[in-house]
Amino acid sequence: WLLYVPARQSPHKATGPRIDSAHRLRMLELATEHLPRVGIWTDELDRSDGSVPSYTIDTLRRLRHWLDAHAGEEVRLRLLLGADQARSFHTWREPHEIVRIARPLVMLRGHDADADTLVAHMAAAASWSGDELHRWRNGVVTTGLKG
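Analysis parameters
- Residues numbered from 1 in each chain as written.
- Predicted model: local features only at pLDDT ≥ 70, side-chain atom pairs only at ≥ 80, totals over all residues.
- Heavy atoms only, no water.
- Phe/Tyr/Trp six-rings, centres within 6.5 Å; stacked < 30°, edge-to-face > 60°.
- Buried < 20%, exposed > 50% of the residue type's maximum accessible area, 1.4 Å probe, protein only.
- Helix = DSSP H or I, 4+ residues; strand = E, 2+ residues; numbered from the N terminus.
- Lys NZ or Arg CZ within 6 Å of the ring centre and 35° of its normal.
- Pairing = 2+ DSSP bridges.

Here's the deal with the packing of aromatic side chains
And step 1. Applying the stated criterion across every chain, the model contains four aromatic pairs.
And step 2. Considering the side-chain rings of Phe89 and Trp92, the 4.4 Å spacing of their centres and the 35° angle between planes classify their relative orientation as tilted. As far as burial versus exposure is concerned, Phe89 and Trp92 are alike and both buried.
And step 3. Look at Phe89 and Trp136: their rings are 5.1 Å apart centre to centre, the planes differ by 65°, and that puts the pair in the edge-to-face class. Remark: Trp136 occurs in helix H7 (residues 130–138) and Phe89 occurs in the loop between helix H4 (83–87) and helix H5 (95–101); sequence separation between them is 47 residues. For the pair formed by Phe89 and Trp136, the shared burial category is buried.
And step 4. Among the aromatic side chains, those forming a connected cluster through ring pairs are Phe89, Trp92, Trp128 and Trp136.
And step 5. One Lys or Arg, Arg93, reaches over the ring of Tyr55 and ends 3.7 Å from the middle of that ring.

Points about the pairing of strand S4 (residues 102–107)
And step 1. Burial along S4 is one-sided: the face carrying Ala102, Pro104 and Val106 is buried and the face carrying Arg103, Leu105 and Met107 is not.
And step 2. Where strand S3 (residues 77–82) lies against S4, six bridges are found, and the strand directions are parallel. Residue Arg78 lies in a different strand from S4, and its bridge partner there is Arg103.
And step 3. When S4 meets strand S5 (residues 140–141), the two strands line up parallel, connected through two bridges. Bridge pairing links Val106 to Val140 in S5.

Below, the structure is given as structure tokens:
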């Protein structure tokens, strides 16, 4: 399954134009309504009034708890993100715990033309062990998208 989790307020996007949560949710519903095995979980929208940012670690903990209670511990989580977010992932709240709960899948685009370029940039941040960088590299997927 692919589960979309729209954020109420991203801590990494505090500035710039904001689209109302209800409108973003409706656009996501329209974009995914005919796709098989795709769902939308509104946990971040439901639990916050927007005055505090949504943190991925909190959402993943809540999802893992729900899955363990309802779907079983065998359900594995993956976190799909763009290479731009992977580059700065070490600045996220509890990044090592996030990747423990949900292994990342990184879509290459923009400046990161290949996995080696991305991992070299991540290594320069000096926040990841060699084993962790290897797991990040193994989670890189190509999308065919440019820019």
